Amino acid sequence: MRPEELLPHRPPFLFVDEIVDLQPGVSARGRWRLTGDEWFFAGHFPGRPTLPGVLMCEAIAQVGALAVRSDDRYADKLPLFGGLDKARFRRQVVPGDELVLECEMARMSARAGRGVGRALLGGDVATECELMFVVVDA
C-alpha cells in the first residue's frame, strides 16, 4: 500500500514516501527520502540547506494519520492537527538524508486523539514530539 491510498496529502506536501509498518489504529512507521530538490531547501537556508523542524513534526503527523485512517472506524474521517507538545529537534537533516518516521497512538476517541512520534536519522532521534488531533468528516 502506498501513503497516497490513505492520506489526502499530495506533493509538495506529502512527506511519507513509503509505509514500512502499519498497525491500524495503533501505530505506523514510514520513510521519507530527502533528495535536495524539495521546495523548502532553497530558502532554508541558502548555502546550507536544512530541513525545517516543523516539517519533521508534520511528517510524523502524516505517519500518525496513516495509523488513524487505516482503522476502519476512521476510514472516512480526516485527522487534523489539534496541538503539538514537547517537540524537540536533536539532529540537523540535510539533502540526501533518509528519515524513518514513527508514530504510536496513545489515545483515540470518536472525535480526537493523541500520538507520540519521532523521526530517526541513522537510528538516532532527529525530532520527537507529542501530537494532538481532532477527527472531522473527510
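Here, the structure is the one placed above.
Keep in mind that this is a model prediction, so the values were computed, not measured.

Colleague: I'm lost on the pattern of salt bridges in this one. Help?
Modeller: Should their charged atoms come close, side chains of opposite charge can pair. In total, this model carries 14 salt bridges according to the counting rule given. In this structure, glutamate 102 and arginine 29 form a salt bridge, with 2.2 Å as the shortest nitrogen-oxygen distance. Taken together, the residues span a long stretch of sequence, with glutamate 102 in strand E4 (residues 98-108) and arginine 29 in strand E2 (residues 27-33) at a distance of 73 residues. Notably, a salt bridge pairs aspartate 124 with arginine 91, separated by 3.9 Å at the nearest N-O pair. With aspartate 124 in strand E6 (residues 124-137) and arginine 91 in the loop between strand E3 (77-89) and E4, the pair connects residues that are 33 residues apart, well separated along the chain. Members of the salt-bridge network, linked through shared partners, are Glu18, Arg31, Arg33 and Glu98.

Colleague: I would appreciate a short explanation of the packing of aromatic side chains in the present structure.
Modeller: Two numbers describe a pair of aromatic rings. These are the distance of the centres and the angle of the planes. For the structure on display, the rule yields 5 aromatic pairs. With a centroid separation of 6.3 Å and 70 degrees between ring planes, the pair formed by tryptophan 32 and phenylalanine 40 is classed as edge-to-face. Seen in terms of ring centroids, tryptophan 39 and phenylalanine 40 are 5.3 Å apart; in terms of plane orientation they differ by 80 degrees. Their pairing is edge-to-face. Taking the relative accessible area as the measure of exposure, tryptophan 39 reaches 48% and is therefore partly exposed. Classification of phenylalanine 40 as buried rests on a relative accessible area of 5%. Taken together through their ring pairs, the aromatic side chains of Phe13, Phe15, Trp32, Trp39, Phe40 and Phe41 make up a single cluster.

Colleague: Would you explain the layout of surface pockets in this entry?
Modeller: Using a probe with the size of a water molecule, rolled over the atoms, empty space left in the structure can be pinpointed. Each pocket or cavity is described by its volume, and for the largest pocket that value is around 240 Å³. The wall of the largest pocket is formed by 18 residues, among which Ala61, Ala65, Pro79, Leu80 and Phe81 lie closest to the centre. Mapped onto the lining of the largest pocket, the elements with two or more residues apiece are helix H1 (53-69), E3 and E6. Considering each element in turn, the lining of the largest pocket owes the most residues, 7 residues, to H1.

Colleague: Would you take a moment to explain the pairing of E6 for this structure?
Modeller: On a regular strand, one side chain projects to one face of the sheet and the next to the other, so that they alternate. When E3 meets E6, the two strands line up antiparallel, connected through 10 bridges. From the neighbouring strand, phenylalanine 81 faces E6, where its bridge partner is phenylalanine 133. Examined bridge by bridge, strand E5 (residues 112-121) and E6 share 10 bridges and lie antiparallel to one another. By the bridge assignment, valine 116 is partnered in E6 with glutamate 130.

Colleague: Just checking my understanding: could you explain unusual backbone geometry for this structure?
Modeller: For residues besides glycine, phi is generally negative; the peptide bonds are generally trans as well. With an omega of 10 degrees, the peptide bond running from proline 11 to proline 12 counts as cis. By the element assignment, proline 12 lies in the segment before strand E1 (18-23). Each neighbour pair has its own omega, and for histidine 44 with phenylalanine 45 the value is 5 degrees, a cis peptide bond. Its place among the elements puts phenylalanine 45 in the loop between E2 and H1.

Basis of the calculations
Residues numbered from 1 in each chain as written. Predicted model: local features only at pLDDT ≥ 70, side-chain atom pairs only at ≥ 80, totals over all residues. Heavy atoms only, no water. Salt bridge = Lys/Arg side-chain N within 4 Å of Asp/Glu carboxyl O. Helix = DSSP H or I, 4+ residues; strand = E, 2+ residues; numbered from the N terminus. Phe/Tyr/Trp six-rings, centres within 6.5 Å; stacked < 30°, edge-to-face > 60°. Buried < 20%, exposed > 50% of the residue type's maximum accessible area, 1.4 Å probe, protein only. 1 Å grid on protein atoms, 1.4 Å probe; cavity = no way out; pocket = protein on both sides within 12 Å on 5 of 7 lines; lining within 4 Å. Points joined across faces, edges and corners; volume = space filled by probe spheres on them. Pairing = 2+ DSSP bridges.

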